[in-house]
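Coordinate inspection notes
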Amino acid sequence: LPGESLPLKIIQEGKEINQGVGYLDDGTMVVVENGRRYLDQDVLVQVTKVLQTNAGRLIFAVPEA
């Protein structure tokens, strides 16, 4: 849910500049704004938005400071 914090490993770059992408245990993709600098690292992120798509859920988040 928006505002929720969760640990995430950033495993790849996103489509937009400075985005990082990680996946939850259930396969849900998490796009992290300003997450590119955390590539191959575990980081605590805060959920900003959750979208339901045909392919499943898509979560947007930002790194916690």
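Description of the structure in this document. All of these numbers come straight from a predicted model, not from anything done at the bench.

It is worth spelling out the sheet that holds strand 5 (residues 42-53) at this point. The 6 strands are arranged 1-5-6-4-3-2 in an open sheet whose pairing can be described as mixed. The open sheet has two edge strands, strand 1 (5-9) and strand 2 (12-13), and neither has a second partner. Of the pairings in the sheet, the one linking strand 1 to strand 5 comprises 5 bridges and is antiparallel in character. By the bridge assignment for strand 5, serine 5 is matched with glutamine 46.

When a protein is soluble and globular, its nonpolar side chains tend to lie buried together. Residues Leu6, Leu8, Ile10, Val30, Val32, Val43, Val45, Val47, Ile59 and Ala61 constitute the largest nonpolar core, which totals 10 residues. Elements with a minimum of two residues in this core: strand 1, strand 4 (29-32), strand 5 and strand 6 (56-63). At 3 residues, strand 5 tops the list of elements feeding residues into this core. If near-sequence neighbours (up to four positions away) are discounted, valine 43 is found in contact with Leu6, Pro7, Leu8, Ile10, Tyr38 and Pro63.

Bringing the environment of valine 45 into the picture now. Looking at the secondary structure, you find valine 45 in strand 5. Accessibility expressed as a relative area gives 0% for valine 45, which makes it buried. Through-space distance from the C-alpha of valine 45 to that of leucine 6 is 5.5 Å; in sequence the pair is 39 residues apart. Ignoring any residue separated from it by four or fewer positions in sequence, one finds valine 45 in contact with Glu4, Ser5, Leu6, Leu8, Val32, Ala61, Val62, Pro63 and Glu64.

With the rule as written, the count across this model stands at 2 salt bridges. Measuring nitrogen to oxygen at the nearest pair gives 3.1 Å for the salt bridge that ties glutamate 13 to arginine 36. A residue pair is termed long-range when its members are at least 10 positions apart, and glutamate 13 in strand 2 and arginine 36 in the loop between strand 4 and strand 5 qualify at 23 residues. Look at glutamate 13 and you get partly exposed, because its relative accessible area is 43%. Of the residues examined, arginine 36 reaches a relative accessible area of 41% and is grouped as partly exposed.

Backbone geometry at asparagine 18 places phi at a positive 70 degrees, although glycine is not the residue there. For asparagine 34, which is not a glycine, the phi torsion comes out positive at approximately 60 degrees. Within the element layout of this structure, asparagine 34 appears in the loop between strand 4 and strand 5. Classification of asparagine 34 by relative accessible area gives partly exposed; the value is 41%.

Rules behind the numbers
- Residues numbered from 1 in each chain as written.
- Predicted model: local features only at pLDDT ≥ 70, side-chain atom pairs only at ≥ 80, totals over all residues.
- Heavy atoms only, no water.
- Pairing = 2+ DSSP bridges.
- Helix = DSSP H or I, 4+ residues; strand = E, 2+ residues; numbered from the N terminus.
- Core = buried A, V, L, I, M, F, W, Y, C linked by side-chain atoms within 4.5 Å.
- Buried < 20%, exposed > 50% of the residue type's maximum accessible area, 1.4 Å probe, protein only.
- Contact = heavy atoms within 4.5 Å.
- Salt bridge = Lys/Arg side-chain N within 4 Å of Asp/Glu carboxyl O.

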